[in-house]
Amino acid sequence: MASLIVLRHAKAIAGLGLADIERPLADRGRRDAAVAGEWLRDAGLVPELVLCSTSVRTRETLEQLAFTGGEVRFEDSIYDNDPETLLALVRESGDEVGTLLLIGHNPSVHQLVHDLTGNAPESFPTCALAVIGIEGGWAEAWPGTGELSTSRTPKDAKAQG
């Protein structure tokens, strides 16, 4: 079974005077992303392919995850925040990819989790992630075909640690 990790970018600064796409992570966001990366590595969820929005905050989230190896593709269309576009990107991934990470924005990442599993968490705050099992190849990823195996937020991490 293939694993799709859907991750909302970590907490960004308010960015007054900056274009939205240029907003960097806040200190809290950098810490939360580093903890999420550690958790994913400990769980054996290291992606072979990362699909990442081109915004500064998603790029910095990826950097803080501290994954080594694997392919990274920065996709302008993820920033457009459309869940159907996200699903199309997932479906275009090669079947040689066992673990896929998509880093994007709300509300589309939350909607993608809901569409694939019908079982999304009630909220999807910054640096929230969901791990979804997909049977068959990525081309078989359609609404209702995924199984939510876990979801996690920075508050969950603090409660555990």
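Before reading on, note that the structure itself is shown above.
These figures come from a predicted structure and were not determined experimentally.

Below, the discussion takes up the overall build of the protein. When its secondary structure is counted, the protein shows six helices and six strands. Secondary structure elements of the protein, listed N to C terminal, follow the sequence β-α-β-α-β-α-α-β-α-β-β-α. In summary, the protein has a C-alpha radius of gyration of 14 Å against a globular reference of 15 Å for 161 residues, a match within 12%. Summarising its shape, the C-alpha atoms of the protein cover approximately 45 × 35 × 35 Å along the three principal directions. Looking at the protein as a whole, 47% of its 161 residues are labelled buried. In the protein, 69% of the contacts between residues at least 6 apart in sequence involve partners at least 24 apart. In the structure as shown, the protein presents an accessible area of about 7700 Å², 47% of it carried by carbon and sulfur atoms. When the 14 positive and 24 negative side-chain charges of the protein are each reduced to one mean point, those points stand 11 Å apart.

Where helix H4 (residues 83–91) is concerned, the buried positions are Pro83, Leu86, Leu87, Leu89 and Val90. Projected onto a plane normal to the axis of H4, the buried residues spread over an arc of 160 degrees and lie on a single side. Those residues of H4 that are buried are in contact with strand E1 (2–8), strand E2 (49–53), strand E3 (71–75), helix H3 (76–79), strand E4 (99–104) and helix H5 (108–117).

Turning next to the side chain of threonine 126. Counting through the fold element by element, threonine 126 comes out in the loop between H5 and strand E5 (129–134). On the basis of relative accessible area, threonine 126 is assigned to the buried category, the value being 11%. If sequence neighbours within four positions are ignored, threonine 126 has contacts with Arg8, His9, Ala10, Lys11, Arg28 and Pro154.

Thresholds applied
Residues numbered from 1 in each chain as written. Predicted model: local features only at pLDDT ≥ 70, side-chain atom pairs only at ≥ 80, totals over all residues. Heavy atoms only, no water. Helix = DSSP H or I, 4+ residues; strand = E, 2+ residues; numbered from the N terminus. Rg over C-alpha atoms; globule rule 2.2 N^0.38 Å. Buried < 20%, exposed > 50% of the residue type's maximum accessible area, 1.4 Å probe, protein only. Contact = heavy atoms within 4.5 Å. Areas by Shrake-Rupley, 256 points an atom, 1.4 Å probe, with all protein chains shown as cover. Lys, Arg positive; Asp, Glu negative; His and termini not counted. Charge placed at Lys NZ, Arg CZ, Asp CG, Glu CD. Arc of directions from axis to C-beta.

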